[in-house]
Amino acid sequence: MSQHMDNSRRRLLGSGVGLALATLAVPAARAAQSQAAAAVASPQLEEIYQAIVDIEPAMELGNGPLGERRMVPITGGSFEGKGLKGKVLAGGADRQLIRADGVRELDAVYEMQTDDGAVISVRNRVTVHQQLPEGKRYALSHIELTAPAGPYAWLNDYVVVGTLQSLKPERQAVLITAYRLMPAV
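Everything numeric here is computed off the predicted structure, so don't read it as measured data. (Residues numbered from 1 in each chain as written. Predicted model: local features only at pLDDT ≥ 70, side-chain atom pairs only at ≥ 80, totals over all residues. Heavy atoms only, no water.)

A. Structural context of the pairing of strand β9 (residues 160–166). With four bridges connecting them, strand β8 (residues 138–146) and β9 associate as antiparallel partners. Note that in β9 the partner of Ile 143 across the bridge is Val 160. Bridge analysis of β9 against strand β10 (residues 173–182) gives seven bridges, and the strand direction is antiparallel. Among the inter-strand pairings, Leu 164 is bridged to a residue of β10, identified as Ile 176. (Pairing = 2+ DSSP bridges. Helix = DSSP H or I, 4+ residues; strand = E, 2+ residues; numbered from the N terminus.)

Here's what the structure looks like:
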């Protein structure tokens, strides 16, 4: 019986030593993870273009299960940026959902044509909070750009985010600024 007790004590002590070593290893692993995370810097924003998108008044489409639905026709406009310039083509639309909590979800699909004739397709998904604390407004988006092969093909290769600002009442339009996310330098 005493030999059985000795074996039990050895196992208990052995597992205690293993547990103690494992406990020491956890903070060291966490410290290494924190150092690795600190070494990864936040991405940078680089402006691609600004677009003034002309719009018609919103057409009410009625309530659906997720909220009030609207459509805003896109009638034209212009855009300009580093190596980019042209017009926003008429015919696109911004589908809007006004949720029960007042947040607007916009989903605009349209085309932009460069001065040299290339057509870039745009899908701009915007979330708009009109009344945040301290009276601030949140209108940020994820923009998908699809460009043809050639000088604008680089637009296909980046994550693009943007801002949205109404130009009303001076102009029935919105100002969109598009930025590509770039690795930190």
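Let's pick the thread back up.
B. Highlighting the side chain of Asp 94. Locating Asp 94 in the fold gives a position in strand β5 (residues 93–98). Buried Asp 94, no salt bridge; nearest opposite-charge side chain is Arg 104, N-O distance 6.8 Å. Among the polar contacts listed, one links the side chain of Asp 94 to the side chain of Gln 96, at a separation of 3.1 Å. At a separation of 3.3 Å, a polar atom in the side chain of Asp 94 contacts the main-chain amide nitrogen of Asp 107. (Buried < 20%, exposed > 50% of the residue type's maximum accessible area, 1.4 Å probe, protein only. Lys, Arg positive; Asp, Glu negative; His and termini not counted. Salt bridge = Lys/Arg side-chain N within 4 Å of Asp/Glu carboxyl O. Polar contact = N/O pair within 3.5 Å; in protein donor to acceptor, adjacent residues only side chain to side chain.)

C. Region of interest: the nonpolar core. With 30 residues, the main nonpolar core has Tyr 49, Val 53 and Tyr 110 as its most contacted residues. Those elements giving two or more residues to this core turn out to be β1 (44–55), β3 (67–81), β4 (84–88), β6 (104–114), β7 (119–129), β8, β9 and β10. Among the elements that take part in this core, β1 stands out by supplying five residues, more than any other. When near neighbours in sequence (up to four residues on either side) are disregarded, Tyr 49 contacts Phe 79, Glu 80, Gly 81, Leu 84, Met 112, Val 122, Ile 143, Leu 145, Ile 176, Thr 177 and Ala 178. (Core = buried A, V, L, I, M, F, W, Y, C linked by side-chain atoms within 4.5 Å. Contact = heavy atoms within 4.5 Å.)

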